[in-house]
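Read off the chains here:
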Amino acid sequence: THGQITQLTTILSHDNCPIQNLFIDWNPIHADPFQAGPVADGTNKLWSPADETQISPFAQIVRDAKKLQVLFLRHSGLNDNDLQQICKQLSSDAGT
């Protein structure tokens, strides 16, 4: 869920975090609250930004993970906006 990605991003941003490789495979980010197991249609919705200024959770990982060397995202529900934000974080202008 978005809350869990936020928690993961916080952990990855710590100077003493040993994680260098992160694999998010077949895991789109769902909005909170999320219910595990069989649920009624429409119960678990995918995360979407509240407005155009809200940064993608995937871009937050790239921005805040100080030691991350490999980020593997496969079938994670990435969209064009996520990719644009990730690329912005990787550019030499990041943080400006």
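Here the structure is shown first, and the text comes after it.
Residues numbered from 1 in each chain as written. Predicted model: local features only at pLDDT ≥ 70, side-chain atom pairs only at ≥ 80, totals over all residues. Heavy atoms only, no water.

So, the overall build of the protein chain
Part 1: Scanning the protein chain for helices and strands turns up three helices and two strands.
Part 2: In sequence order, the secondary structure elements of the protein chain are arranged as α-β-α-β-α.
Part 3: Here the protein chain holds 96 residues, and the buried ones make up 25% of them.
Part 4: If you sum the accessible surface of the protein chain, you get close to 6,600 Å²; carbon and sulfur atoms cover 53% of it.
Part 5: The positive charge centre, built from 6 side chains, and the negative charge centre, built from 10, are 7 Å apart in the protein chain. (Helix = DSSP H or I, 4+ residues; strand = E, 2+ residues; numbered from the N terminus. Buried < 20%, exposed > 50% of the residue type's maximum accessible area, 1.4 Å probe, protein only. Areas by Shrake-Rupley, 256 points an atom, 1.4 Å probe, with all protein chains shown as cover. Lys, Arg positive; Asp, Glu negative; His and termini not counted. Charge placed at Lys NZ, Arg CZ, Asp CG, Glu CD.)

Observations concerning a nonpolar patch on the surface
Part 1: A surface patch of nonpolar side chains, amounting to about 270 Å² of accessible area, comprises Phe23, Val70 and Phe72.
Part 2: Considering the arrangement of structural elements, one finds Val70 in strand S2 (residues 70-74).
Part 3: On the accessibility criterion, Val70 (36% relative accessible area) is partly exposed. (Patch = residues over 30% accessible without salt bridge, like charges linked within 9 Å, V, L, I, M, F, W, Y side chains within 5 Å. Salt bridge = Lys/Arg side-chain N within 4 Å of Asp/Glu carboxyl O.)

Thoughts on the packing of helix H1 (residues 2-12) against helix H2 (residues 57-64)
When two helices pack together, you describe them by how their axes are tilted relative to each other and by the distance separating the axes.
Part 1: Interhelical geometry of H1 versus H2 gives an angle of 5° and a closest axis separation of 9 Å. The orientation of H1 with respect to H2, classified from their angle, is roughly parallel. In contact with His2, Ile5, Thr9 and Leu12 of H1, H2 contributes Pro57, Gln60, Ile61 and Asp64.
Part 2: The residue inventory of the contact of H1 with H2, partitioned by class, reads four nonpolar, three polar and one charged. (Axes fitted to C-alpha atoms, helices over the stretch in contact; angles between N-to-C directions. Parallel < 35°, antiparallel > 145°, perpendicular 65-115°, else oblique. Contact = heavy atoms within 4.5 Å. Nonpolar A, V, L, I, M, F, W, Y, C, P; charged D, E, K, R; others polar.)

A look at the nonpolar core
Part 1: Counting residues in hydrophobic clusters, the biggest one holds 13 residues, and the most contacted among them are Ile5, Leu12, Leu22, Ile24, Ile29 and Ile61.
Part 2: Those elements that place two or more of their residues in this core are H1, strand S1 (21-25) and H2.
Part 3: For this core, the element with the most residues is H2, which contributes three residues. (Core = buried A, V, L, I, M, F, W, Y, C linked by side-chain atoms within 4.5 Å.)

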